[in-house]
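# Topology and contacts: notes
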Amino acid sequence: MAYDALLWLSFGGPEGPDDVLPFLENVTRGRGVPPERLAEVAEHYRHFGGVSPINRLNREAIAAVEKELAAQGRTLPVYFGNRNWHPMVEDTLARMAADGVRRALVFPTSAYGGYSACRQYDEDIARARAAVGPDAPELTKLRQFFDHPLFVGAFADAVRAARAELDGVEVGGVEVGGAELGGAEPRTVFVAHSVPEAADRAAGPPAEGGRRYSRQVAEAARLVAAEVGITDFDVVWQSRSGPPSVPWLEPDVVDHLDTLHAGGVPAVVVCPIGFVSDHLEVVWDLDNEAAERAGELGMGFARAATPNGDPRFAELVVELVREHVAGAEPRKLSALPAAGCTVNGAPCAPDCCLPSRPR
């Protein structure tokens, strides 16, 4: 089938101090988040001058994809739209329609299933098409890619690089690295964004039994660990924001550091397996809060990079495009479902990943 364009669909982030509160209000609209919680999160953004890295990193990734498309002889313009901040996807889709785009592929910047990771992007597509009206292009969303070999390979090399940062570091009189020579290996901790337990139970078609999100995250972590040659690792969560009365996926990464320290672990490598780029939540929750807690505990700490700066990430996106435009065989490293490929915002299946809003 012929396609006229690729729409890069992301979360969005503020690009200046005046953007912060309007952006957070967009993110939390309809969720009943109290003003004091918004003010608390706003301070995280102001710590970085009111700028999230995500829009810049998306633009850099788009440029890399355009270069890769050209290298493969494919003429496919790439448009950029966001859910929560400019460029808003509704505006981008209107521009696409004005440019004569009639059928486009959509790359959502999430590797996983679940409501926030997949179905909410379907809602974005449906909302944007409704806003544009009858001239809106037909939009086909690309599939989930948590177990794609290029995704796994990029994270595996990032974990190796983070482990190398700790080699030879002495922590509490113990040298990290070189276990075969008596040193202590750092513990590898994979981290993804927490979601309400109810949302994870609803992730995937009901007949599948739910928990598609947490199962895919665990599988991605297993695949990366296997490629690095790690047998002992943990999967934990970050960035919960709901009221204490609502159960979320646990343990939290900072709490887990306390547990590891109590067990005598001298150092950790933290891998943000749930993110394709450095959201504000990565640089705040991991590079600040988790790193500071590790320092307080006297633990060595290194954080693996997210993959969208890796050339393989652009190759991955173009390979997903080729599945549609050239019939390329999908590459997967696991038997877990990799769904998400739907048209015009339809869900993968009836009642798939029904919304669970509290955050």
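Heads up: these notes are all about the structure in this document. What you see is a predicted model; the values in this text were computed from it and never measured.

The next point concerns the sheet that holds strand β10 (residues 300-303). Reading across the sheet, the four strands line up as β8-β7-β9-β10 and stay open at both edges, with parallel pairing between neighbours. Two strands bound the open sheet, and with one partner strand each, they are β8 (233-238) and β10. For this sheet the average axis-to-axis angle between neighbouring strands, irrespective of direction, equals 25°. Along the sheet face, helix α10 (residues 280-297) touches β7 (187-193), β8, β9 (267-271) and β10 and points at about 170° away from the line of β10.

Within a pair of aromatic rings, the relevant descriptors are the distance that separates the centres and the angle that separates the planes. Tallied over the full model, the rule gives 14 aromatic pairs. Measuring from ring centre to ring centre gives 6.4 Å for Trp8 and Phe313, while their planes differ by 75°; the resulting arrangement is edge-to-face. Of this pair, Trp8 sits in strand β1 (residues 5-10) while Phe313 sits in helix α11 (residues 311-325), and the two are 305 residues apart along the sequence. For the pair formed by Trp8 and Phe313, the shared burial category is buried. Measuring from centroid to centroid gives 5.6 Å for Phe190 and Phe233, while their planes differ by 90°, and the two rings are edge-to-face. One end of the pair, Phe190, is in strand β7; the other, Phe233, is in strand β8, with 43 residues separating them in the sequence. For Phe190, a relative accessible area of 0% gives the class buried.

Our next topic: the pattern of salt bridges. Summed over all chains, the structure comprises 26 salt bridges. With a closest N to O distance of 3.1 Å, Asp124 and Arg127 form a salt bridge. With Asp124 and Arg127 both in helix α5 (residues 115-132) and three residues apart, the pair spans about one turn of that helix. A relative accessible area of 1% places Asp124 in the buried class. Note on Arg127: relative accessible area 33%, which makes it partly exposed. Its salt-bridge partner being Arg331, residue Glu319 comes within 2.8 Å of it at the nearest N-O pair. Of this pair, Glu319 sits in helix α11 while Arg331 sits in the segment after α11, and the two are 12 residues apart along the sequence. Each member of the salt-bridge network shares a partner with another, and the members are Arg83, Glu90, Asp124 and Arg127.

In a disulfide, the sulfur atoms of two cysteines are covalently bonded to one another. This model, assessed by the stated rule, comprises zero disulfides. Among the cysteines around Cys341, which has no disulfide bond, Cys348 carries the closest sulfur, lying 8.5 Å off. Judged by relative accessible area, which is 40%, Cys341 ranks as partly exposed. In this structure Cys352 is a free cysteine whose sulfur lies 3.7 Å from that of Cys353, the closest cysteine sulfur available. Look at Cys352 and you get buried, because its relative accessible area is 4%.

This brings us to the sheet that holds strand β4 (residues 138-141). Reading across from one edge, β2-β1-β3-β4 is the order of the four strands in this open sheet, with parallel pairing throughout. Unpaired on one side and paired on the other, β2 (78-82) and β4 mark the two borders of the sheet. Each strand of the sheet is rotated relative to its neighbour by a mean of 30°, with strand direction disregarded. Judged from the five bridges that link them, β1 and β2 form a sheet pairing that is parallel. Following the sheet pairing, Leu6 is matched in β2 by Val78.

Ranked by size, the top nonpolar core spans 62 residues in total, and within it Leu6, Trp8, Tyr112, Tyr213 and Ile273 carry the most contacts. When residues of this core are assigned to their parent elements, the largest contribution, nine residues, is made by helix α6 (residues 149-166). Excluding anything up to four places from it in sequence, Trp8 contacts Asn58, Ala61, Ile62, Val65, Val78, Tyr79, Phe80, Gly81, Phe107, Thr109, Phe313 and Val317. Ranked by size, the runner-up nonpolar core spans 18 residues in total, among them Val191, Val236, Val253 and Leu257.

Our focus in this paragraph is α6. Since one α-helical turn is 3.6 residues long, residues separated by three or four positions face the same way. Across its 18 residues, α6 extends 26 Å between first and last C-alpha, which sits within 8% of the 26 Å expected from 1.5 Å per residue. Of the residues making up α6, those classed as buried are Leu150, Phe151, Val152, Gly153, Ala154, Phe155, Ala156, Ala158, Val159, Ala162, Arg163 and Leu166. The secondary structure elements touched by the buried residues of α6 are β7, α8 (212-228), β9, β10 and α11.

Before going further, it helps to spend a moment on the packing of helix α3 (residues 54-71) against α11. Look at α3 against α11: their axes get within 9 Å of each other, and the N-to-C directions meet at 60°. It follows from the interaxial angle that α3 and α11 lie oblique. Note that α3 runs across α11; the crossing there is right-handed. Contacts from Ala64, Val65, Glu68 and Leu69 in α3 reach Ala314, Glu315, Val317 and Val318 in α11. When its residues are assigned to classes, the contact of α3 with α11 shows six nonpolar, no polar and two charged.

The rules we used
Residues numbered from 1 in each chain as written. Predicted model: local features only at pLDDT ≥ 70, side-chain atom pairs only at ≥ 80, totals over all residues. Heavy atoms only, no water. Pairing = 2+ DSSP bridges. Helix = DSSP H or I, 4+ residues; strand = E, 2+ residues; numbered from the N terminus. Axes fitted to C-alpha atoms, helices over the stretch in contact; angles between N-to-C directions. Contact = heavy atoms within 4.5 Å. Phe/Tyr/Trp six-rings, centres within 6.5 Å; stacked < 30°, edge-to-face > 60°. Buried < 20%, exposed > 50% of the residue type's maximum accessible area, 1.4 Å probe, protein only. Salt bridge = Lys/Arg side-chain N within 4 Å of Asp/Glu carboxyl O. Disulfide = S-S within 2.5 Å. Core = buried A, V, L, I, M, F, W, Y, C linked by side-chain atoms within 4.5 Å. Expected span 1.5 Å × (residues − 1). Parallel < 35°, antiparallel > 145°, perpendicular 65-115°, else oblique. Left-handed = near helix turned anticlockwise from the far one by under 90°. Nonpolar A, V, L, I, M, F, W, Y, C, P; charged D, E, K, R; others polar.

Without other data, these values stay purely geometric and don't point to any function.
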